[in-house]
Amino acid sequence: MSDIPLGVLDLVPVPSGATAADALRNSVELAQLTEEFGYARYWFAEHHLNPGVAGTSPAVVLALTAAATSTIRLGSGAVQLGHRTALSTVEEFGLLDALYPGRLDLGLGRSGGRPPAEKTESPTTTPVVDGRAPNGLVIPPRFSFARLLGSPRVALHRKLLLLPNAESQDYAEQIDDILALLAGTYRTEDGVEAHVVPGEGAEVEVWILGSSGGESAQVAGERGLRFAANYHVSPGTVLEAVDGYRAYFQPSDVLDKPYVSVSADVVVAEDDAAARELATGYGAWVRSIRTAEGAIPFPTPAEARAHVWTDEDRELVQDRLDTQFVGSPQHVADRLEQLQEATGADELLITTITHDQADRVRSYELLAAEWRRR
C-alpha cells in the first residue's frame, strides 16, 4: 500500500495539564517529524471555543509550521467558509504561497454557516449489510448531529464568528468566487475586476471536505476538485460521501478523474494492549464534543477511567469507538487497507491523539514504517 500516500490531520489537541502553547509546539514538532517519516501532507483543522483544541486559525498555524519544515505539503482541513469571505481566504493563502510556493493545500469546508437540512436517506451505491461494507469495513448507523447543531453553544459560535446581522454566502457561489480570485478571472456583473495580490496565481491545491453525499460532495464533483471524506467524523456516511462525489464528478483543468482522500482516527503502539491503553481517553474526549460542551483537554488514561459512563453517553460515542483503528502497526495497517479498499481512496489522512506527545509521535512513526513495508 505504499503507493497510497498517508497524510496527517492535526487538531492541535491540548493534553490535560498542558497549555495551548504546549499544544502548538507539539504540533510544529510533529510536522517536522512526520516529514522525516515520509508523510505526504500535514493539515490543520479549524475549531473554536474548545478548551482542548488550539487550532483556531489554520493559516496562522500553517505559517508557523511552514517555517519549520521544508518538503511536506501543508494545508487546512478545513477553513470554515461559513464565517469568512472568499477574498480573505484567498489573501491568507496567497500570503503563505508567496513565501512557500507549491506547498499549500487550501481545504475548504462549509462549517460555521447556516447548517443544511439533515438528510434522512443515504444515496450511497455501495451496499451496507448488517453495518458493514462488502469488504467488512464497519459502517455504523448514521449519527444525527441535530442535537449538536441546535445547541446554544453552536448558536454562540455563530454569534461570535459572524459580524452582527451578517449572513453566510451561498457555499457554491463562495467556492466559485475563490476559484475565480485564484485564477484572476473574477468579474462582477458590471464587469469590475478584482485581482488579489498576493493570491492570484497562487500554486495552491484546492480541496473540498465533506461528511456526506450532499452539497460539499456536489460542489467538489461538479467543479472537478479534490475531495476529502471524513470517516473519523461521520463514519456512517463515508460511503455516501465518496459515492456522491464520484457521481457528480466532471473533469476539469485540475483533474480528469475523481481524487479522494479519506480520514481515520488511529492510535498505534508496539502491541494491541499498549495501543488500547493510549486510546483510553478517546471516548470521553468525543463525548465532550458531541454533547456540545466543547472538546475537553485530552485526558490521561487514569483520568478517562474515572469518568462515570451512562448508557446515553455510550450510545453517543459508540460509532466513533467502533471505527477508531487502535492496535499494533500490522493491525492498524490492515484496517487502513480495508478502509482504502472500501472507499477507493487515493490517499488516507491520519489523525492521532494521545495524552503524551512522545506516544503520538511514536504512533505516526510505527505506522509509516509498516506502511512502507506493504
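Before any of the text, the structure's been laid out above.
Residues numbered from 1 in each chain as written. Predicted model: local features only at pLDDT ≥ 70, side-chain atom pairs only at ≥ 80, totals over all residues. Heavy atoms only, no water.

Some words on helix α13 (residues 329–343)
- Compared with the 21 Å implied by 1.5 Å per residue over 15 residues, the 21 Å span of α13 between its first and last C-alpha is a close match.
- Restricting attention to buried positions, one finds in α13 the residues P329, V332, A333, R335, L336, Q338, L339, Q340, A342 and T343.
- Where α13 ends, the next residue or the one after it, G344, has phi of about 65°, a positive value. (Helix = DSSP H or I, 4+ residues; strand = E, 2+ residues; numbered from the N terminus. Expected span 1.5 Å × (residues − 1). Buried < 20%, exposed > 50% of the residue type's maximum accessible area, 1.4 Å probe, protein only.)

Re helix α7 (residues 215–222)
- Along α7, the residues classified as buried are S216, A217, V219, A220 and G221.
- Buried positions along α7 lie against α6 (171–183), β6 (205–210), β7 (226–230) and α8 (238–248).
- Positive backbone phi, approximately 65°, marks G224, located one or two places after α7. (Contact = heavy atoms within 4.5 Å.)

Some remarks on the pairing of strand β10 (residues 347–351)
- Burial analysis of β10 places five of its five residues in the buried class, the great majority of the element.
- Both faces of β10 are covered, namely the face carrying E347, L349 and T351 and the face carrying L348 and I350.
- Two strands pair when backbone bridges link them, and strand β8 (residues 260–268) and β10 are joined in this way by five bridges, in the parallel orientation. Pairing of S263 across the sheet is with L349, part of β10. (Pairing = 2+ DSSP bridges.)

Some points on the nonpolar core
- By size, the foremost hydrophobic cluster in this structure holds 77 residues, and its most contacted members are L108, V262, L336 and L348.
- Not counting chain neighbours up to four residues away, the residues in contact with L336 comprise A264, V266, F325, L348, I350, L367 and W371.
- Membership of the second largest hydrophobic core comes to 19 residues, among which are L9, W43, F143 and A295. (Core = buried A, V, L, I, M, F, W, Y, C linked by side-chain atoms within 4.5 Å.)

What about the environment of Q250?
- Relative to the helices and strands, Q250 is located in the loop between α8 and β8.
- Separated by 30 residues in sequence, Q250 and A220 have C-alpha atoms that sit 9.1 Å apart.
- Those residues in contact with Q250, other than ones at most four positions away along the chain, are G221, E222, R223 and G224.

Side note on the side chain of S328
- In this structure, S328 sits in the loop between β9 (325–327) and α13.
- Judged by its relative accessible area of 11%, S328 falls in the buried class.
- Excluding its chain neighbours within four sequence positions, the residues that come into contact with S328 are V268, A269, E270, D271 and D272.

Notes on the packing of helix α1 (residues 20–37) against helix α14 (residues 357–372)
- Across the interface, α1 lies against α14 with an axial gap of 10 Å and an inter-helix angle of 20°. What the angle tells us is that α1 and α14 run roughly parallel. Note on packing geometry: the crossing formed by α1 with α14 is right-handed. Across the interface between the two elements, N26, S27, E29, L30, L33, T34 and F37 of α1 pack against Q357, R360, V361, Y364, E365, A368 and R372 of α14. (Axes fitted to C-alpha atoms, helices over the stretch in contact; angles between N-to-C directions. Parallel < 35°, antiparallel > 145°, perpendicular 65-115°, else oblique. Left-handed = near helix turned anticlockwise from the far one by under 90°.)

Thoughts on the packing of aromatic side chains
- One pass over the full model with this rule turns up 10 aromatic pairs.
- Ring centres of Y231 and F325 lie 6.0 Å apart, and the angle between their planes is 45°; on these two criteria the pair is classed as tilted. Of this pair, Y231 sits in the loop between β7 and α8 while F325 is found in strand β9, placing the two residues 94 residues apart along the sequence. The two residues Y231 and F325 agree in class, both being buried.
- An aromatic cluster is built from W43, W207 and Y259, whose rings are joined through pairwise contacts.
- Against the face of Y259 rests R226, its NZ or CZ located 5.9 Å from the ring centre. (Phe/Tyr/Trp six-rings, centres within 6.5 Å; stacked < 30°, edge-to-face > 60°. Lys NZ or Arg CZ within 6 Å of the ring centre and 35° of its normal.)

Some words on the pattern of salt bridges
- Taken as a whole and judged by the stated rule, the model has 27 salt bridges.
- Between R73 and D105 there is a salt bridge whose closest N-O contact spans 2.8 Å. Note that R73 is positioned in strand β3 (residues 73–76) and D105 in strand β5 (residues 104–109), a separation of 32 residues in sequence.
- D105 gets classed as buried once you look at its relative accessible area, which sits at 0%. (Salt bridge = Lys/Arg side-chain N within 4 Å of Asp/Glu carboxyl O.)

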